[in-house]
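As a plain string of letters, each chain reads:
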Amino acid sequence: MKIILLLSLAFVLVSQSYGNSLDSCQGRCGYGTDAGFTCQCNSACERYGDCCHDYLAICKGTLSCKGRCGEQYNSQNKCHCNSKCSSHNNCCTDYNDLCGGSGGSGSGGQILDSEITALSEVLYALDSNKASMSEVILNTQALVSNSQTSAQQDLSPNKLFQFVDEASLFSKPTYAAFLALLDNYSRQTGVTENFSPEQVAEQEHFLTESISNTEVGQELYAFLYTKGLYKSEEEFKYDLKMMWFGLYTRYAGKMDSSGFEHIFAGEIKKSKVSGFHNWLQFYLLEKQGLLNYYSHSFNGPWETYPDVLGMQFNWDGYYKQVGSAIIGCSPEFDLALYSLCYIARPGKQCKLSLGGKSLMIQTYTWDNSSYGNGKKYIASAFPSTP
């Protein structure tokens, strides 16, 4: 009987244009198109008819609210995980346990503001790979008002980064792993991103170095583990991989963007710089003569690194009105703060405390597609004015 049922399921999947490849969706649900596999496991595969044979069973057949708290109603789901499911008596059986009966994100409601600020102070203290004031020297030059940020006037004749000690900083494992990722993207939206197996390995290596091999990463994981949000470090890193590196479309239906590309590498959309909130990418492009620093509209109160700066600049012909970034921090610190805020306060402002001084991080969810069982990719995250 089991063999007959499996054969029937295989027939149904093939008849719906789902591939009969031996490749599986196990551990790949929602991830962007990967040329290293013969079939895919994301929403686009339904459109293009190249889903793996077990796509429906693994990626869409769940009866759990794991990763689905607060998702929009979908009539195709067998049970639901939003605030209205109780009144319609169609909640998944673990809705109250995982979502707190609130229909929220499944995480934000479990984490208090005081816990976020306390944890951010701990992460700040643990960032041993941050730059010292002698390793990164800035020349901030012109300070402009908010009303002047759209003027596109170069008021700073010199480079922002006067000196960066590459020999000291770039030899650190997390820096090296981060820098290896920056050339994996086409900055123009509307151009499909395809990751080679080597590039996927670079993503996983960065997450391992940042989460498994640093005190910052281990502290963040331990906190989220105690909150019951992840059962293992591997589950946490897999979720970060999907959240940050999973592909979605910003333009023309192409799988052309991800949270990592938008926030850390930067993109060009409709003749403007989109995203771009990382100091290392800024430095490297400025060093190559591809980026011209114009001015800054705010500067954080910190006298050591990490600090925060809101910058105006031209990236090889395209303008960014305010590109805020945490300056001088390690890659793992950048990743940890944005991930904490996105997990705890998705799509909202997130109040942190660094060295006794407040910082607001704004995050945005990508609501047009999802991974896993309704989980949202990160659309953007950046420092708000301190």
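To be clear, the structure that these remarks concern was listed above.
Parameters and conventions
Residues numbered from 1 in each chain as written. Predicted model: local features only at pLDDT ≥ 70, side-chain atom pairs only at ≥ 80, totals over all residues. Heavy atoms only, no water. Axes fitted to C-alpha atoms, helices over the stretch in contact; angles between N-to-C directions. Helix = DSSP H or I, 4+ residues; strand = E, 2+ residues; numbered from the N terminus. Parallel < 35°, antiparallel > 145°, perpendicular 65-115°, else oblique. Contact = heavy atoms within 4.5 Å. Nonpolar A, V, L, I, M, F, W, Y, C, P; charged D, E, K, R; others polar. Phe/Tyr/Trp six-rings, centres within 6.5 Å; stacked < 30°, edge-to-face > 60°. Buried < 20%, exposed > 50% of the residue type's maximum accessible area, 1.4 Å probe, protein only. Core = buried A, V, L, I, M, F, W, Y, C linked by side-chain atoms within 4.5 Å.

*Asks:* Tell me about the packing of helix H9 (residues 197-212) against helix H14 (residues 331-344), and name the residues and values.
*Replies:* Running from N to C, H9 and H14 cross one another at 85°; their axes reach a closest spacing of 9 Å. Judged by the inter-axis angle, H9 sits roughly perpendicular to H14. From H9, Phe206, Leu207, Ser210 and Ile211 reach across to H14, where they touch Pro331, Glu332 and Leu335. Here the residues of the contact of H9 with H14 are counted per class, giving 5 nonpolar, 1 polar and 1 charged.

*Asks:* Account for the packing of aromatic side chains, naming residues and giving values.
*Replies:* Pairs of aromatic rings are described using the distance from one ring centre to the other and the angle between the two planes. Counted according to the given criterion, the structure contains 27 aromatic pairs. Arranged with centres 6.2 Å apart and planes meeting at 70°, the rings of Phe206 and Phe260 form a pair that is edge-to-face. Residue Phe206 is located in helix H9, and its partner Phe260 is located in helix H12 (residues 259-265); the two are separated by 54 residues in the primary sequence. Here the two residues Phe206 and Phe260 agree in accessibility, since each one is buried. Seen from their ring centres, Tyr248 and Tyr377 are 5.4 Å apart, and the 45° between their planes marks the pair as tilted. You can see Tyr248 sitting in the loop between helix H11 (233-245) and H12 and its partner Tyr377 sitting in strand S10 (residues 375-383), a full 129 residues away along the chain.

*Asks:* Can you explain the nonpolar core? Please cite residues and give values.
*Replies:* Taken as a class, soluble globular proteins show a tendency for nonpolar side chains to be buried jointly. Grouped together as the largest cluster of nonpolar side chains are 89 residues, with contacts concentrated most on Trp244 and Phe260. Setting aside residues up to four positions removed in sequence, Phe260 forms contacts with Phe178, Leu181, Leu182, Tyr185, Phe206, Trp244, Phe245 and Ala265. Counting residues in hydrophobic clusters, the runner-up holds 7 residues, among them Cys39, Cys41, Cys51 and Tyr55.

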